[in-house]
Structure formats: C-alpha cells, structure tokens
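Below are the chains, spelled out letter by letter.
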Amino acid sequence: MNIILLGPPGAGKGTQARHLVETRNMVQLSTGDMLREAKDSGTEMGKTVADVMARGDLVTDEIVIGLIREKLEVASEHDGFIFDGFPRTLAQATALAELLTAIGKPLDYVIELRVNDDALVNRISGRSTCGKCGEVYHDETKPQPTDGKCVKCGASDFKRRADDNEESLRNRLMEYYKKTSPLLGYYYAHDMLKGVDGLADIDDVQASIAEILDS
Ligand code: AMP
C-alpha cells in the first residue's frame, strides 16, 4: 500500500505517518526531514536550501524529486511508502507517478488531512519534538514532561523548528494554497483522493486512516 498524506503545515501528517510506521511495515518518506538532515549535516545542498526553508518557500522540484528518487531505490523492502510533505507541486506529482510506475509500485490513496488555518497557527506556534524519536509535543495540549525526558524514548533533547514562527508559517500556508492545493483536484480526477477530519483526536484520525487502508 503506497499513500500520500496531504495537508497544510501542522495538519498532522508527520504524527500520522509515524503511527503507520509503528503499526504497519511502511516507510515514511518526508522530504522536510530529508532537507533538515541535509541542512544540519552541512552538505552543499543543505546550505543551498537553508534560507529557502527558513522563509517558508518551496525548495526546487529538481532537488526534492532527486531526494525521493534516491530513497525509493533503497526503501523497496517495505510493505508500503508514506509520502509526507511530498509531492507539493504538480511537477512533483507527475514525477512521482513516473518513478512509482517504473518500480511497479503505484500509488493507492492520497489522504487529505482537513484542518482550518486558525487551528494550524495554534498547533504550530506551540510545537516541539523529541530530537531522538520525533514524538510531538505542544505547549498547551501536550507539554514536555516536567522531568525533561521524552515520554516515548526517555531522551532529553527537545527541538523547535526554526520555521515554526508566525511569519514563516504565513508563507508556508500561502505556498500550500498556491502550489500544493491544486493537487487535490489532480488526485480527485485520478480517483485516489480520500478526506479525513484532521481536527479530530489523534486516535480518531488514526482510525479513519486505518479504515481507508483496510477497505
Ligand atoms: P515540512 O517539514 O514538510 O513542513 O517541510 C519544511 C520545509 O522544507 C518546507 O517549508 C519547504 O521549504 C521544504 N520542503 C519540504 N518538502 C518539500 C517539497 N516536497 N517541495 C518543496 N519544498 C519542500
């Protein structure tokens, strides 16, 4: 089963992808994570994308398609791919279709996590994650434990994303509506689009996604 999780920043794509990785033999392919890794390890490509990411603009199609192409070559032993934050443009969507056709693993579903903008600003402005296992925390709804240790893995290395600030978020949302939301029509026309209420409790969102995957 190969799926795309589609939705604006803060919709919960990463959280849902991690749950699917834990419960099914699927692999999460997050271009945001790949780009942050490149940035943190100081590669030439990482240096090129740092400013673009800080502003909340989109990195070039060429770079992200290249990253996905590399990962698909090494991730084929898994039972399915979860594309998280990719594709974000029509050019990326058509490139992905070609790459998947070439390896005989076509896309099954595109799951849209539906949320409204007010909820996104709130979710993102209080967000932090465990640097080791990626568990997500929120200042109001799920504060970091008072003993300073991640509830999931016990590490004490919490991170806030540099682009989780209001100005960058506004730009990321604009990019989403301008360049990514046309993908909803594209996948609807390909009869792959499924919608899920991204504002429901995490468990309910998980259940809705499971229902789609098991249907
Ligand atoms: P994310 O972690 O998915 O929110 O991505 C963080 C940032 O990485 C985005 O704001 C973009 O600057 C860049 N990025 C991630 N995925 C893509 C993509 N598929 N296309 C272009 N830029 C991307």
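In case you missed it, the structure is sitting above this.
Residues numbered from 1 in each chain as written. Predicted model: local features only at pLDDT ≥ 70, side-chain atom pairs only at ≥ 80, totals over all residues. Heavy atoms only, no water.

1. Quick look at the site of the ligand
With respect to spatial proximity, 16 residues lie near the ligand, and among them Thr31, Arg36, Asp57, Gly85 and Arg88 are the closest. The contact in question runs from an oxygen atom of the ligand to an N or O atom on the side chain of arginine 36, over 2.9 Å. Between the ligand and the protein, one listed contact pairs an oxygen atom with a backbone N or O atom of aspartate 57 at 2.6 Å. Starting from 470 Å² of accessible surface for the ligand in isolation, the protein chains cover 96%. Counting residues per element, the shell around the ligand draws most heavily on helix H2 (residues 31-40), which supplies four residues. Partitioning the shell around the ligand into residue classes produces six nonpolar, four polar and six charged. (Near = heavy atom within 4 Å. Polar contact = N/O pair within 3.5 Å; in protein donor to acceptor, adjacent residues only side chain to side chain. Areas by Shrake-Rupley, 256 points an atom, 1.4 Å probe, with all protein chains shown as cover. Helix = DSSP H or I, 4+ residues; strand = E, 2+ residues; numbered from the N terminus. Nonpolar A, V, L, I, M, F, W, Y, C, P; charged D, E, K, R; others polar.)

2. Describing the packing of helix H7 (residues 166-180) against helix H8 (residues 182-189)
Contact geometry for H7 and H8: axes closest at 5 Å, N-to-C directions at 35°. Across the interface between the two elements, Tyr176, Tyr177, Lys178, Lys179 and Thr180 of H7 pack against Pro182, Leu183 and Leu184 of H8. A per-class count over the contact of H7 with H8 returns five nonpolar, one polar and two charged. (Axes fitted to C-alpha atoms, helices over the stretch in contact; angles between N-to-C directions. Contact = heavy atoms within 4.5 Å.)

3. Considerations on the sheet that holds strand S2 (residues 26-30)
The strand order across the open sheet built from five strands is S2-S3-S1-S4-S8, with neighbouring strands paired in parallel fashion. The open sheet has two free edges, formed respectively by S2 and strand S8 (193-197), since each of these has just one partner strand. Taken pair by pair, the neighbouring strands of this sheet meet at an average axis angle of 25°, ignoring direction. Bridge count between strand S1 (residues 3-6) and strand S3 (residues 80-84): three bridges; the pairing is parallel. Bridge assignment links leucine 5 to a residue of S3, and that residue is aspartate 84. This element, H2, spans S2 and S3 of the sheet and lies at about 60° to S2. Across the sheet, helix H9 (residues 202-213) is in contact with S1, strand S4 (109-114) and S8; its angle to S4 comes to roughly 160°. (Pairing = 2+ DSSP bridges.)

4. Examining the state of the cysteines
Scanning all chains against the criterion turns up zero disulfides. The structure places no disulfide on cysteine 150, whose sulfur is separated from the nearest cysteine sulfur, that of cysteine 133, by 3.7 Å. Residue cysteine 150 is classed as buried on the basis of its relative accessible area of 4%. (Disulfide = S-S within 2.5 Å. Buried < 20%, exposed > 50% of the residue type's maximum accessible area, 1.4 Å probe, protein only.)

5. So, a negative patch on the surface
On the surface, a cluster of negative charge is contributed by Asp197, Asp201, Asp203 and Asp204. Inspection of the secondary structure puts aspartate 204 in helix H9. (Patch = residues over 30% accessible without salt bridge, like charges linked within 9 Å, V, L, I, M, F, W, Y side chains within 5 Å. Salt bridge = Lys/Arg side-chain N within 4 Å of Asp/Glu carboxyl O. Lys, Arg positive; Asp, Glu negative; His and termini not counted. Charge placed at Lys NZ, Arg CZ, Asp CG, Glu CD.)

6. Considerations on the environment of arginine 24
Inspection of the secondary structure assignment puts arginine 24 in the loop between helix H1 (13-23) and S2. For arginine 24, a relative accessible area of 27% corresponds to the partly exposed category. As for arginine 24 and glycine 80, which are separated by 56 residues in sequence, their C-alpha atoms are 8.6 Å apart. Ignoring sequence-local partners within four residues, the contact set of arginine 24 consists of Ala210, Leu213 and Asp214.

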